[in-house]
Amino acid sequence: MTLQFDTLFINANLATMNPDIDAPYGAIENGALGVKNGRIAWIGAVRDLPEYRASKTHDCDNAWITPGFVDCHTHLIFEGNRAKEFEARLKGDSYEKIAKAGGGIISTVNATRAMRESGLYHDAVLRLSDMKSQGITTIEIKSGYGLNLETEIKMLNVAKKIGEYENVRVCTTFLGAHALPPEYKDRPDDYIDLVCNDMIPKIAELGLADAVDGFCENIAFSTAQIRRVFKAAQKYGLPVKLHAEQLSHQGGTKLAAEFGALSADHLEYIDEDDVKSMAKAGMVAVLLPGAFYYLKETQKPPIDLFRKHGVPMALATDCNPGSSPITSPLLILNMACTLFGFTPEEALAGMTREGAKSLGLSQKTGTLEINKSADLAIWAIEHPAELSYWVGNVTILNRFYQGKEYE
Ligand code: NIG
Ligand code: FE
């Protein structure tokens, strides 16, 4: 039988990231990959290619193909920037101090509330084009700079539209419990009532969120408050995830595990008991070296414990205007190696396979395997470790989302 492909990539080295292939990076050298109807229809060594017909053939000339990158934790949509806060932090002010004084997240909330949808869309897409030029084909986007129903919906609408028009897969996350809005000063439980009784039901009804997130921290919300948010999410059938143990140990990870969360994120202050609870709940650890770096954190997430207990480690840019103004997934790979001690192979898995897992997308993307979406990045490199090694100087040759090439 002759196989029919829409596109066939030949003479490629494939970093499949498929753990069932017993080679570093799940590599297939001198490989070929056939695409049909936006999916991977055939993958293997060129010498094993069966008889085929292809509408288009790409000779990759020994370039490396990786899965399209999955950025599983971003706050891509926001207005303005916080460069002045960055200056203040360099002079010695802490992230917590700035937040308590009404700066930080709240200053972005004020700017985001004031901006119309088209402006938010425009700015977010500029940042996204940077990310796409470094291989991103899937991105998670959180709300959380609205903190009122109207602006949270506005942000999620923008995120959904990006998924419709920008040739990228978008997962949306409702992050109403990100910070306490000024109009609820000293009344955090009343704000949590609003999140649980008004926002989550409405957002669920509109189908605007794929998951619900929160920020469990002494400058944000307690475990008791997040528990209420998770219960409301559960009632509407929405999976949960959590910003946990970022600046201090609050117990958010165990709470998230109790609710069968997709992931717990940041995790600098997590302990071994927490890690065990994640392993038991089948959660992914989403590590964010960009925020660690910008906040000059010194406590590292315990990656040996994640390895020991078999908790998958995903990586993300955490793109946001405060703690991680970063649009470069490649820089994140480098930081994960240099700051956290990832191997380059773990780093690439973190931005592909494990990122997909943390979004519940393992069946769709994250590895190069038959039947998965043809989400690919093609790199002018001689070895996949170069993706973690260089800062700059890596050329992407082409990228495909669902088999479709983009700019
Ligand atoms: O993931 N930790 C809380 N949220 C963001 C920071 C948001 C901001 O500073 O604007 C984070 O680091
Ligand atoms: Fe975040």
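Heads up: the structure comes first, above all this text.
Here the structure is a predicted model, which is why all the values come from computation and not from measurement.

What counts and what doesn't
- Residues numbered from 1 in each chain as written.
- Chains lettered and ligands numbered in written order.
- Predicted model: local features only at pLDDT ≥ 70, side-chain atom pairs only at ≥ 80, totals over all residues.
- Heavy atoms only, no water.
- Helix = DSSP H or I, 4+ residues; strand = E, 2+ residues; numbered from the N terminus.
- Contact = heavy atoms within 4.5 Å.
- Donors = N, O, S within 2.8 Å, 3.2 Å for Na, K, Ca; no water.
- Buried < 20%, exposed > 50% of the residue type's maximum accessible area, 1.4 Å probe, protein only.
- Core = buried A, V, L, I, M, F, W, Y, C linked by side-chain atoms within 4.5 Å.
- Near = heavy atom within 4 Å.
- Polar contact = N/O pair within 3.5 Å; in protein donor to acceptor, adjacent residues only side chain to side chain.
- Nonpolar A, V, L, I, M, F, W, Y, C, P; charged D, E, K, R; others polar.
- Salt bridge = Lys/Arg side-chain N within 4 Å of Asp/Glu carboxyl O.
- Pairing = 2+ DSSP bridges.
- Right-handed = clockwise from strand over helix to strand, strands pointing away.
- Axes fitted to C-alpha atoms, helices over the stretch in contact; angles between N-to-C directions.

### Here we look at the environment of Val-125
Phase 1 of the analysis: In this structure, Val-125 sits in helix α4 (residues 117-132).
Phase 2 of the analysis: The residues contacting Val-125, other than those within four sequence positions of it, are Ile-162 and Glu-166.

### Quick look at the coordination of the iron ion (ligand 2)
Phase 1 of the analysis: Donor atoms from the polypeptide that bind the iron ion (ligand 2) are His-73 (NE2), His-75 (NE2), His-243 (NE2) and Asp-318 (OD), placed at 2.0 to 2.6 Å.
Phase 2 of the analysis: Sequence positions of the donors to the iron ion (ligand 2) reduce to the motif H-x1-H-x167-H-x74-D. Within this pair, whereas His-243 is found in strand β10 (residues 241-244), its partner Asp-318 is found in the loop between β13 (313-315) and α12 (329-340), the two being separated by 75 residues in sequence.
Phase 3 of the analysis: Under the relative-accessibility criterion, Asp-318 is labelled buried at 1%.

### Observations regarding the nonpolar core
Phase 1 of the analysis: Among the nonpolar cores identified, the biggest contains 103 residues, and Ile-162, Leu-287, Phe-306 and Phe-342 are the most heavily contacted of them.
Phase 2 of the analysis: The element that contributes the greatest number of residues to this core is helix α6 (residues 188-206), accounting for eight residues.
Phase 3 of the analysis: Once residues lying within four places of it in the same chain are set aside, the contact partners of Phe-306 are Leu-267, Ile-270, Val-275, Met-278, Ala-285, Leu-287, Pro-301, Val-311 and Met-313.
Phase 4 of the analysis: Residues Leu-33, Ala-63, Ile-65 and Leu-376 belong to the second largest nonpolar core, which totals 16 residues.

### Let's talk about the site of ligand 1
Phase 1 of the analysis: Within the structure, ligand 1 sits among 15 residues, and Arg-82, Tyr-95, Tyr-145, Gln-246 and Ser-323 are positioned closest to it.
Phase 2 of the analysis: A distance of 2.8 Å separates an oxygen atom of ligand 1 from a polar side-chain atom of Arg-82.
Phase 3 of the analysis: Of the residues belonging to the shell around ligand 1, the class tally is four nonpolar, nine polar and two charged.

### Brief notes about the pattern of salt bridges
Phase 1 of the analysis: Evaluated as defined, the whole model comprises 22 salt bridges.
Phase 2 of the analysis: The residue Arg-169 makes a salt bridge to Asp-375 at a minimum N-O spacing of 2.8 Å. With a gap of 206 residues between them, Arg-169 in strand β8 (residues 169-177) and Asp-375 in the loop between α14 (353-358) and β14 (376-379) connect regions that are remote in the sequence. There is no split in this pair, since Arg-169 and Asp-375 are both buried.

### Observations regarding the pairing of strand β11 (residues 263-266)
Phase 1 of the analysis: Across four bridges, β10 lies against β11 in parallel orientation. Bridge assignment links His-243 to a residue of β11, and that residue is Asp-265.
Phase 2 of the analysis: In the classification by handedness, the crossover that spans β10, the intervening helix α8 (residues 252-258) and the parallel β11 is right-handed.
Phase 3 of the analysis: Looking at chain direction, β11 and strand β12 (residues 284-287) are connected through three bridges and run parallel. Bridge pairing in β12 places Asp-265 opposite Val-286.
Phase 4 of the analysis: Taking the sense of rotation as the criterion, the β-α-β connection linking β11, helix α9 (residues 272-281) and β12 turns out right-handed.

### Focus: the sheet that holds strand β7 (residues 136-142)
Phase 1 of the analysis: Strands sit in the order β6-β7-β8-β9 across an open sheet of four strands; the sheet is parallel. This sheet does not close on itself; its edge strands, each paired only once, are β6 (69-71) and β9 (211-214). Along the sheet, successive strands turn relative to each other by an average axial angle of 25°, direction set aside.
Phase 2 of the analysis: Pairing analysis gives three bridges linking β6 to β7, with the strands arranged parallel. When the bridges of β7 are listed, Asp-71 appears paired with Ile-139.
Phase 3 of the analysis: The sheet contacts of helix α5 (residues 149-165) involve β7 and β8, and relative to β8 the element is tilted by about 170°.

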